[in-house]
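Spelled out from the first residue to the last, the chains are:
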Amino acid sequence: MPAFRFFLPLCLSIFLFHSAAAQKTSRGPGPMDTMPNLSRVLKFVRTGNVDSKRVVINVVVREFIDQEPVMGATVLLRRENPVRMYGKVTGQQGACALTITPDTYSVRVQVTGLASFEQSGFVLEAGSAYTLEIALAFVKKH
């Protein structure tokens, strides 16, 4: 029983110390907490013509706040019927191009440190080229 009497006050004092330290470092909402948390489409436009049986989609990924290009973002396009995935990684200018079959697609863009983007319903018609610009928001810190 003597060990229990020592252990309980020790645990309580560690808990209180940790709680006090956490309160001292809390600074309230900072700039990362007030930023938009939703990544979004900046632009989706048809830009020209290509081979009549294919579609070319140029995807540009930017940071939401300063519009800087995002290198290394994974861009995934998913066709539903039949299911088919297409993917690329953005280069130094935050861009990549995919040549795919015409259909309706879901688009997902993700990169570490920024909020992912996902949206369905992109109708890509045969013989067309498109530009899709996406802004990725910063992830809120908790």
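Described in the following lines is the structure provided in the data block. Keep in mind that what you see is a predicted model, and the values were worked out from it rather than measured. Per chain, residue numbering runs from 1 following the sequence as it is written. Selection of residues for local features in this predicted model requires a pLDDT of at least 70, selection of side-chain atom pairs for listing and counting requires 80 or more, and totals for whole chains, interfaces and linings are taken over all residues. Side-chain measures here rest on the full set of heavy atoms in the structure, leaving out hydrogens and waters.

### Considering the overall build of the protein
Scanning the protein for helices and strands turns up two helices and eight strands. We call a residue buried when its accessible area falls under 20% of the maximum for its residue type, exposed when it is over 50%, and partly exposed in between, using a 1.4 Å probe and counting protein chains only. Expressed as a percentage of its 142 residues, the buried residues of the protein come to 30%. Sequence-distant contacts in the protein: of pairs separated by 6 or more residues, those separated by 24 or more amount to 64%. Here, Shrake-Rupley sampling with a 1.4 Å probe gives the accessible areas, and only protein chains in the shown set may cover a residue. Carbon and sulfur atoms form 59% of the exposed surface of the protein, whose accessible area is close to 9,200 Å². Strands are runs of DSSP state E lasting at least 2 residues, helices are runs of H or I lasting at least 4, and numbering of each runs from the N terminus. Here a residue-residue contact requires only that any non-hydrogen atoms of the pair lie within 4.5 Å.

### A few points about the packing of aromatic side chains
Here a Phe, Tyr or Trp ring, Trp counted by its six-membered ring, pairs with any other such ring whose centre lies within 6.5 Å, and the pair is stacked when the planes are under 30 degrees apart, edge-to-face when over 60, and tilted otherwise. In the structure shown here, the tally under the stated rule is three aromatic pairs. Judged by centre distance (5.0 Å) and plane angle (80°), the rings of Phe44 and Phe122 are edge-to-face. In this pair, Phe44 is assigned in strand S1 (residues 40–49) and Phe122 in strand S7 (residues 114–124), connecting sequence segments 78 residues apart. Assessed through its relative accessible area of 31%, Phe44 is described here as partly exposed. Within the aromatic cluster, the residues linked to one another by ring pairs are Phe44, Phe122 and Tyr130.

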